[in-house]
Amino acid sequence: MNELVSELPWLWAGLVAYAVATVMAVYAVAQPDHDGALVVNKFRPFELPVLGLVAVGVLLLSVALAERWMRIGHGPFVNLFELLVSQLFSLGLIYALVYWRVPVLRPTAAVVLPIIWVLGLWVLMIEPTDSLFPPTYHNNWLWVHIGFGKVFLSFCLVGAGLAGIILLRRIERMKAWFSMMPSDAVLDNFAWRFMVLALIFDSLMLIAGAVWAQDAWGRFWAWDALETSAFLNWLAIALGIHVRFSYRIPRAVGAAVVVAVFVLAFFTYFGTPFFSEAAHKGVV
Amino acid sequence: MVSVLRALASVRLTVVGMLLLACGSVLSYGNPEAVSIWVLVVPLAFLALNLSSAIITNPRIHRRKGLLVFHSSLLGIVLLAAIGRLTYLDAHLEIINGATFDAQSLLDLKAGPLHSGRLSDVEFIQGRYTVDYRPGMSRGATRSYLQVPDGEGGWREQVVGDDTPLVVNGYRFYTSFHKGFSPIVVWTPNNGQPEVGTIHMPPYPLFDYRQANRWTPPQGEEIKFWLRLNTGISQDSAWVLDGQRATGVLVVDSGEQRVELQPGETVVLSGGELRYQSLTTWMGYKVFYDPTIHWLFFVSVLGVLGLSYHYWTKVSMNSVAGVNRRSLDEPGQNPTDRSRNGGAFRSAQDVVKL
Ligand code: HEM
């Protein structure tokens, strides 16, 4: 085995576990929900296997990350490959925790896991090139910033999973897919609850990021491309919350806003640092 | 009066203000210098007015402690940011090894109209510095050695660099990647007194290939300087940039003459005599002052705590009593009564755990 890519087998194994969990979750919701005259919760038998597979995926990805960390001597904070693997790990981990603690949300796996798999496909197309750790990254606030950011994105993802169900239910063929889930009204409530949680962690991420930026670049905020994108993300959640309680917006529109916030967060994470030439860019 | 405040407090105006702020941010995206600050100031001022009115008149905010703390902190952040803009200072500094900081030597100085810090009291002496480079010319740790007053009439050494600034009277000095070399020269004009000066060469190793500068003595022809350095620079292996270990030949070009000087050597030029005394280094700093930064941190953390408290109380109140019962009763397209959902929506406790 080439020492250069020693983490890859673990990564692939982790992705396989996620892939099987994804197929299983989609298969589970796509089944008919009638067994003769009896209405069944078709997701129930798959609940544990899906959780188990995601947990195994998280474990395998953590080995991949540890392996790489030991090989190149620093954490997965710098290039796109590292960011994607580390998000695959943290999104899986935090989603698994939510899935475990809030059973009613479990069928969201059929929406959430395919989204996680978009990252999985992306990471497979990227060279696992080694990165160089910039001197300004030796800072404890980096950990705090990244940690809060991971929780923020994960809660956005859960929100997007719930909102996704509200939207998918509008499609005739998928109407019955999520029959075991509560009504749109409940899902909408849950989704926005997760968005408020996301706002809390987004705020913490911005604060920790500002402290780090002050240390690293001698200014706490400079409207660089990544900061502006992150601020717009924060503002979009606040805007969504206020629009929702001051106008009677249709649920589908509310759900689309949640999905849009997630897409914006996705772009902020995986797009902006690599498009912009700002100091914030992965490698300084 | 109250009715005016109520009108100003409308959450619909909040939505408008937020949309305006989003537009202002999009305009400033990645290029705030080129865009008028007003695209941000106007929406922020509008939101601050709207929010102050809402905090006063809207019981949905001021009766709920968490929301009150959160929204007040948002207002606090806007106010502090405004104070920060009025009192800040932002500048660059390039200082030679052995020189004492002089407030007059700041470059690209920008300051708020109400800036009034004690910059002239800032004292430190620049010493040597080292910068680690890894293979591929990737910059590693910077260590800049300074002498700072020890408070007892003497000096003590302080090492700054990367994310460890020198902080004096609220002024923060951050090493920048701009740093380089300066040959020290002595110019003795014909029939005049010798004068010592330094030739400030461009940043190194950024402009490794262009270590040149020019100077015209008071009476004499323009002199072109070129510094041929030996620093151990390497593309392929790790090396340390250390001015004390570097050597440099100063190539002097004036009129018809072109000579290469080693430290200690002299050349006679038209109008005077030039002696290349020694090679030293200069260090670049970003200088930053904003008296609000600690307050901003404190107020924003307080705001998040307020929002978290609000969330906590809302979730624990709503989960059992409100949301679930309401939504269970609500006629949705997918009824959620237990017989139909097969028990997936097990109990309100599932939700409380959230
Ligand atoms: C600009 C940044 C702002 C952010 C991030 C923000 C965020 C929030 C959040 C998270 C909530 C709690 C919602 C919930 O519990 O579901 C809330 C509630 C509220 N906000 Fe803001 N807010 C902002 C500005 C404003 C402004 C300018 C006003 C002025 C009118 C305002 C008025 C309100 C009101 C009245 C509520 C209570 C709604 C309720 O009854 O639950 N907010 N805000």
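Conventions we followed
- Residues numbered from 1 in each chain as written.
- Chains lettered and ligands numbered in written order.
- Predicted model: local features only at pLDDT ≥ 70, side-chain atom pairs only at ≥ 80, totals over all residues.
- Heavy atoms only, no water.
- Near = heavy atom within 4 Å.
- Polar contact = N/O pair within 3.5 Å; in protein donor to acceptor, adjacent residues only side chain to side chain.
- Helix = DSSP H or I, 4+ residues; strand = E, 2+ residues; numbered from the N terminus.
- Nonpolar A, V, L, I, M, F, W, Y, C, P; charged D, E, K, R; others polar.
- Pairing = 2+ DSSP bridges.
- Axes fitted to C-alpha atoms, helices over the stretch in contact; angles between N-to-C directions.
- Buried < 20%, exposed > 50% of the residue type's maximum accessible area, 1.4 Å probe, protein only.
- Contact = heavy atoms within 4.5 Å.
- Buried area = accessible area lost by both parts, 1.4 Å probe.
- Salt bridge = Lys/Arg side-chain N within 4 Å of Asp/Glu carboxyl O.
- pLDDT = per-residue confidence, 0-100.
- Parallel < 35°, antiparallel > 145°, perpendicular 65-115°, else oblique.
- Left-handed = near helix turned anticlockwise from the far one by under 90°.
- Donors = N, O, S within 2.8 Å, 3.2 Å for Na, K, Ca; no water.
- Tetrahedral: all angles 85-135°; square planar, octahedral: opposite > 155°, others 65-115°.
- Patch = residues over 30% accessible without salt bridge, like charges linked within 9 Å, V, L, I, M, F, W, Y side chains within 5 Å.
- Areas by Shrake-Rupley, 256 points an atom, 1.4 Å probe, with all protein chains shown as cover.
- Domains from an automatic or database assignment.

Novice: Summarise the site of the ligand; cite the residues concerned and give the values.
Specialist: Around the ligand sit 25 residues in total, of which His242 of chain A together with Arg60, His71, His310 and Lys314 of chain B are the nearest. Looking at what sits near the ligand, you find residues from chains A and B. His242 of chain A has a polar side-chain atom sitting 2.7 Å from a nitrogen atom of the ligand. Between the ligand and His71 of chain B there is a distance of 2.8 Å, counted from a nitrogen atom to a side-chain nitrogen or oxygen. Only α7 (225-246) of chain A together with α2 (11-28), α3 (38-57), α4 (59-62), α5 (65-87) and α6 (293-329) of chain B provide two or more residues apiece to the shell around the ligand. Each residue belonging to the shell around the ligand can be placed in one class, and the counts come to 16 nonpolar, 6 polar and 3 charged.

Novice: Explain the sheet that holds strand β10 (residues 223-230) of chain B residue by residue, including any values.
Specialist: Residue and element names in this part refer to chain B. The 4 strands are arranged β9-β10-β12-β13 in an open sheet whose pairing can be described as antiparallel. For this open sheet the edge positions go to β9 (212-215) and β13 (257-261), each flanked by a neighbour on one side alone. Sheet twist, expressed as the mean angle between neighbouring strand axes with direction ignored, is 20°. With 5 bridges joining them, strand β12 (residues 247-254) and β13 adopt antiparallel strand pairing. Each residue of the ladder has a partner; that of Leu250, found in β13, is Leu261.

Novice: Got a sec to walk through the pairing of β12 of chain B? Specific residues and values, please.
Specialist: Residue and element names in this part refer to chain B. The buried fraction of β12 is high, at 6 of 8 residues. Relative to β12, β10 runs antiparallel, the two sharing 7 bridges. Bridge pairing in β12 places Trp226 opposite Val251. What sits between the antiparallel neighbours β12 and β13 is a turn of 2 residues, in which Gly255 has the positive phi angle 60°.

Novice: I'd like a description of unusual backbone geometry, backed by residues and values.
Specialist: Residues and elements named next belong to chain B. Residue Pro205 is reached from Tyr204 by a cis peptide bond, and omega for that bond is 5°. Note that Pro205 resides in the loop between β8 (195-198) and β9. Positive phi outside glycine occurs at Asp162, with the angle close to 50°. Tracing the backbone shows Asp162 in the loop between β5 (155-160) and β6 (166-168).

Novice: With reference to specific residues and values, describe the interface of chain B and chain A.
Specialist: Listed as interface residues are 63 residues of chain B and, on the opposing side, 69 residues of chain A. The junction of chain B with chain A conceals about 5,500 Å² of combined surface from both sides, 66% of it contributed by carbon and sulfur atoms. Seen at the junction of chain B and chain A, the total is 0 salt bridges. Along the contact surface separating chain B from chain A lie 4 residue pairs in polar contact (both at pLDDT 80 or more). Of all elements in the fold, only α2, α5, β4 (138-149), β7 (171-189), β15 (272-289), α6, α7 (338-341) and α8 (348-352) of chain B reach the threshold of two or more residues within the side of chain B that touches chain A. Among the elements that make up the side of chain B that touches chain A, the one with the highest residue count is α6 of chain B (15 residues). Across the side of chain B that touches chain A, the residue classes tally to 27 nonpolar, 21 polar and 15 charged.

Novice: Please give an account of the confidence of the model for chain A that cites residues and values.
Specialist: Per-residue pLDDT for chain A has a mean of 89; in total, 92% of the residues score no lower than 70. Taken together, the stretch residues 277-284 of chain A has pLDDT below 50 and engages in 21 contacts with residues farther than four places along the chain or on a different chain.

Novice: For the packing of helix α1 (residues 8-30) of chain A against helix α2 (residues 44-72) of chain A, give the residues involved together with the corresponding values.
Specialist: Residue and element names in this part refer to chain A. As a packed pair, α1 and α2 sit with axes 8 Å apart at the nearest point and diverge in direction by 160°. Taken as axis vectors, α1 and α2 run roughly antiparallel relative to one another. The hand of the α1/α2 crossing is left-handed. Along the lines of polarity and charge, the residues of the contact of α1 with α2 split into 22 nonpolar, 2 polar and 1 charged.

Novice: Tell me about the coordination of the iron atom of the ligand, residues and numbers included.
Specialist: In the first shell of the iron atom of the ligand, the protein supplies His242 of chain A (NE2) and His71 of chain B (NE2), at 2.0 Å from the metal. Every donor counted, the 6 donor atoms about the iron atom of the ligand form angles of 84 to 178° at the centre, which fits octahedral coordination. One end of the pair, His242 of chain A, is in helix α7; the other, His71 of chain B, is in helix α5, on a second chain. Here the two residues His242 of chain A and His71 of chain B agree in accessibility, since each one is buried.

Novice: Tell me what's going on with a nonpolar patch on the surface, and back it up with residues and numbers.
Specialist: Residue and element names in this part refer to chain B. A surface patch of nonpolar side chains, about 510 Å² in accessible area, is lined by Val69, Trp295, Phe298, Leu302 and Leu305. The dominant element in the nonpolar patch, judged by the number of residues it contributes, is α6, at 4 residues. Within the element layout of this structure, Trp295 appears in helix α6.

Novice: Which residues make up the pairing of β5 of chain B, and what values do they have?
Specialist: Taken together, the 6 bridges between β4 of chain B and β5 of chain B define a ladder with antiparallel strand orientation. Along β5 of chain B, the bridge assignment pairs Leu146 of chain B with Gln158 of chain B.

Novice: Got a sec to walk through the domain arrangement of chain A? Specific residues and values, please.
Specialist: For an interface, size is often stated in terms of accessible area lost upon the parts coming together. Residues and elements named next belong to chain A. Per the domain assignment, the segments of chain A are domain 1 (1-130) and domain 2 (134-284). For domain 1 versus domain 2, the separation of C-alpha centres amounts to 20 Å. Opposite the 33 residues of domain 1 that make contact, domain 2 presents 34 residues. Each partner contributes to the roughly 2,800 Å² buried at the junction of domain 1 and domain 2, and carbon and sulfur atoms together form 84% of this total. On the surface where domain 1 and domain 2 come into contact, there are 4 residue pairs in polar contact (both at pLDDT 80 or more). Counting only elements with at least two residues in the side of domain 1 that touches domain 2, the list comes to α1, α3 (80-101) and α4 (109-124).

Novice: Please set out the packing of α7 of chain A against α2 of chain B residue by residue, giving values where relevant.
Specialist: Interhelical geometry of α7 of chain A versus α2 of chain B gives an angle of 160° and a closest axis separation of 10 Å. Taken together, α7 of chain A and α2 of chain B sit at an angle that is classed as roughly antiparallel. Handedness of the crossing formed by α7 of chain A with α2 of chain B: left-handed. Where α7 of chain A abuts α2 of chain B, its residues Thr228, Phe231, Leu232, Leu235, Ala238, Leu239, His242, Val243, Phe245 and Ser246 of chain A lie against Val11, Arg12, Thr14, Val15, Met18, Leu19, Leu21, Ala22, Ser25 and Val26 of chain B. Class assignment for the residues of the contact of α7 of chain A with α2 of chain B results in 14 nonpolar, 5 polar and 1 charged.

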